[in-house]
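Structural overview for review
Here is what each chain is made of, one letter per residue.
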Amino acid sequence: AAGVIQSPRHLIKEKRETATLKCYPIPRHDTVYWYQQGPGQDPQFLISFYEKMQSDKGSIPDRFSAQQFSDYHSELNMSSLELGDSALYFCASSKGLVYEQYFGPGTRLTVT
Amino acid sequence: KNQVEQSPQSLIILEGKNCTLQCNYTVSPFSNLRWYKQDTGRGPVSLTIMTFSENTKSNGRYTATLDADTKQSSLHITASQLSDSASYICVVRNDYKLSFGAGTTVTVRA
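Everything in this summary refers to the structure shown in the same document. (Residues numbered from 1 in each chain as written. Chains lettered and ligands numbered in written order. Predicted model: local features only at pLDDT ≥ 70, side-chain atom pairs only at ≥ 80, totals over all residues. Heavy atoms only, no water.)

Examining unusual backbone geometry
Trans peptide bonds make up the majority, and among non-glycine residues the majority have a negative phi. Put simply, the rule reads: The numbering of helices and of strands both runs from the N terminus, where a helix is a DSSP run of H or I of at least 4 residues and a strand a run of E of at least 2. When a residue's accessible area, from a 1.4 Å probe over protein chains only, is under 20% of the maximum for its type it is buried; when over 50% it is exposed; and in between it is partly exposed.
Following Ser-7 of chain A, the chain continues to Pro-8 of chain A via a peptide bond in cis, the omega torsion being -10°. Locating Pro-8 of chain A in the fold gives a position in the loop between strand S1 (5–7) and strand S2 (10–13). For the bond from Ser-7 of chain B to Pro-8 of chain B, the omega torsion is -10°, close enough to zero to count as cis. Backbone geometry places Lys-52 of chain A, a non-glycine residue, at a positive phi of 70°. Tracing the backbone through its elements, the reader meets Lys-52 of chain A in the loop between strand S5 (44–50) and strand S6 (53–57). Residue Lys-52 of chain A is classed as partly exposed on the basis of its relative accessible area of 35%. Although it is not a glycine, Ser-80 of chain A adopts a positive phi angle of roughly 45°. Here Ser-80 of chain A is to be found in the loop between strand S8 (74–78) and strand S9 (87–94).

This is the structure in structure tokens:
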């Protein structure tokens, strides 16, 4: 069965650069969630989209923005990167807001 | 304060042995509780899901229990294998929000 696809899987950026992470949900899933997981930490919810509209907002910094496109894929844009942004970013998708979230493999972002 | 507390933080067991992980939560109202296995650098993979009325659920060598009265859950791993080395995360759903535990890191040694 198709799973959540994230790209790239690994990304290395320098401080103050920008990065764009992409998430392709499972077919027919209309909801996407973004999470940030620092080393040794539990995942922190960043933001979610349902039917291309922002549905919930968590601890997403103002330097980050995200959107969901007409084909339901989502992109997380990160600007003015800081060393503390180094983390595993993974997205999850679901069919509606109340159904099970399926997680992608994550994007490992390293900021040097 | 985290609404989902897991213990122990980490444990090391020998291959073939059993172990039990604990999860206590204060999330309310409660929709369901999931145990996820997360390999290093990968996204979490669901092992079991339990709703309010379920006490025990198994998935192969993984058995989860839930006591909704005391708001406690456990994950029991039987006859551990080297591939069981991972972080195990307890996630409690409240409507459409998820609350994550910090995870228990399990290391299985030959």
